[in-house]
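# Observations on chain architecture
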Amino acid sequence: MGHRTEPETRTPCTPDWTRAPVPFPWAEWFGRAAPIRLEVGFGNGEFLITLAARHPDRNWVGIEASRTSVLKTASRWERHGSPPVRLLHGDAYLLLLLGFGPRTVEAVYFNCPDPWFKKRHHKHRLLQPGMVELLANRLSDGGELWVVTDTQEFRDHLLEVLPGSGFLEPASGSWYVEKLPEGYPVTKYMREGLAAGRTLYCFHGRKVRHAEPDPLDYARRFHLVESLARYTEAVRLRVLEQLRQAGALMEPHPACP
Ligand SMILES: C[S@@+](CC[C@H](N)C(=O)[O-])C[C@H]1O[C@@H](n2cnc3c(N)ncnc32)[C@H](O)[C@@H]1O
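Residues numbered from 1 in each chain as written. Predicted model: local features only at pLDDT ≥ 70, side-chain atom pairs only at ≥ 80, totals over all residues.

### Some words on helix H3 (residues 67–79)
Along its 13 residues, H3 runs 19 Å from first to last C-alpha, staying within 8% of the 18 Å computed at 1.5 Å per residue. Among all positions of H3, only Val-70, Thr-73 and Trp-77 are buried. Seen along its axis, H3 keeps its buried residues to an arc of 65°; they face one direction. Exposed and oriented more than 90 degrees from the buried face of H3 are Thr-68, Ser-75 and Arg-79. Tucked into the core, H3 has its buried residues touching helix H2 (46–54), strand S2 (59–64) and strand S3 (85–89). (Helix = DSSP H or I, 4+ residues; strand = E, 2+ residues; numbered from the N terminus. Expected span 1.5 Å × (residues − 1). Buried ≥ 20, exposed ≤ 12 C-beta atoms within 10 Å, placed from the backbone. Arc of directions from axis to C-beta. Contact = placed C-beta atoms within 7 Å.)

Spelled out as structure tokens, the structure:
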């Protein structure tokens, strides 16, 4: 007789995702199926935990590269009544490819993503054409993309990348407004921007066309195989296997054993 894995209730951290099938088994990890809402780069977790506590009928997922931020958010989660949140520790380029199937995410939030001011660093910006294309696959039809930035330069970057994709349209008239909509939680970086006298630009787009990006092309574009160098060999091999399952690898990369 098969047995059902009980969802983890003492911590919002997902089980070791490097061992998980792809896309990740969200219904199992949450202990229920519900529409997924995702925050990328959640920092101290304030935004994610606040919205999850307000809308517990959704499955809230956070992706964050910083381990310290994940641990701080896990303790915030416990102090705020353990709302339905699961945290993924790792790189958003990789986890968006592995973790989610087409049309499975109802909304994605990016709050103050790193602007990477220098031209030679623009390639590190999270919201680039290849990423927007993948988001336009992961979002459900009509799904929402929210991005808040406090830098004019990143605002101008978004004004090129979002309309240029053809997959999204402004959710309400214009691409952005210069203040947060009522009820949109303020984050640490937004607070710092406001205290320094900067304007918050709040983008709200809606998916209008489905994208079918080539996972291999996406993996190449964001150097996913090369970025695995920071993992131990055992983890690297497991993640390579996941990339293969996601269709992102035909053959093992020569740089990997
Ligand atoms: C400028 S901070 C903003 C934090 C928070 N959203 C806020 O508004 O206070 C950007 C966050 O994105 C995370 N981040 C940057 N690149 C990332 C990536 N490739 N994958 C996952 N998280 C990333 C950083 O670790 C950092 O916590």
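And the narrative resumes.
### Remarks on the nonpolar core
Grouped together as the largest cluster of nonpolar side chains are 69 residues, with contacts concentrated most on Leu-97, Val-108 and Ala-219. Ignoring sequence-local partners within four residues, the contact set of Val-108 consists of Leu-38, Val-40, Leu-135, Leu-139 and Leu-145. (Core = buried A, V, L, I, M, F, W, Y, C linked by C-beta atoms within 7 Å.)

### Looking at the site of the ligand
The full set close to the ligand counts 20 residues, and Gly-41, Gly-43, Ala-65, Ala-92 and Thr-187 are the nearest of them. Among the elements that take part in the shell around the ligand, helix H7 (residues 188–195) stands out by supplying three residues, more than any other. Partitioning the shell around the ligand into residue classes produces ten nonpolar, six polar and four charged. (Near = placed C-beta within 6 Å. Nonpolar A, V, L, I, M, F, W, Y, C, P; charged D, E, K, R; others polar.)

### Focus on the pairing of strand S8 (residues 201–207)
For S8, the buried fraction is high: six of the seven residues fall into the buried class. Where strand S6 (residues 168–170) lies against S8, three bridges are found, and the strand directions are antiparallel. In the strand pairing of S8, Leu-168 is matched with Lys-207. Relative to S8, strand S7 (residues 176–177) runs antiparallel, the two sharing two bridges. Opposite Tyr-176, over in S8, you have Phe-203 as the bridge partner. (Pairing = 2+ DSSP bridges.)

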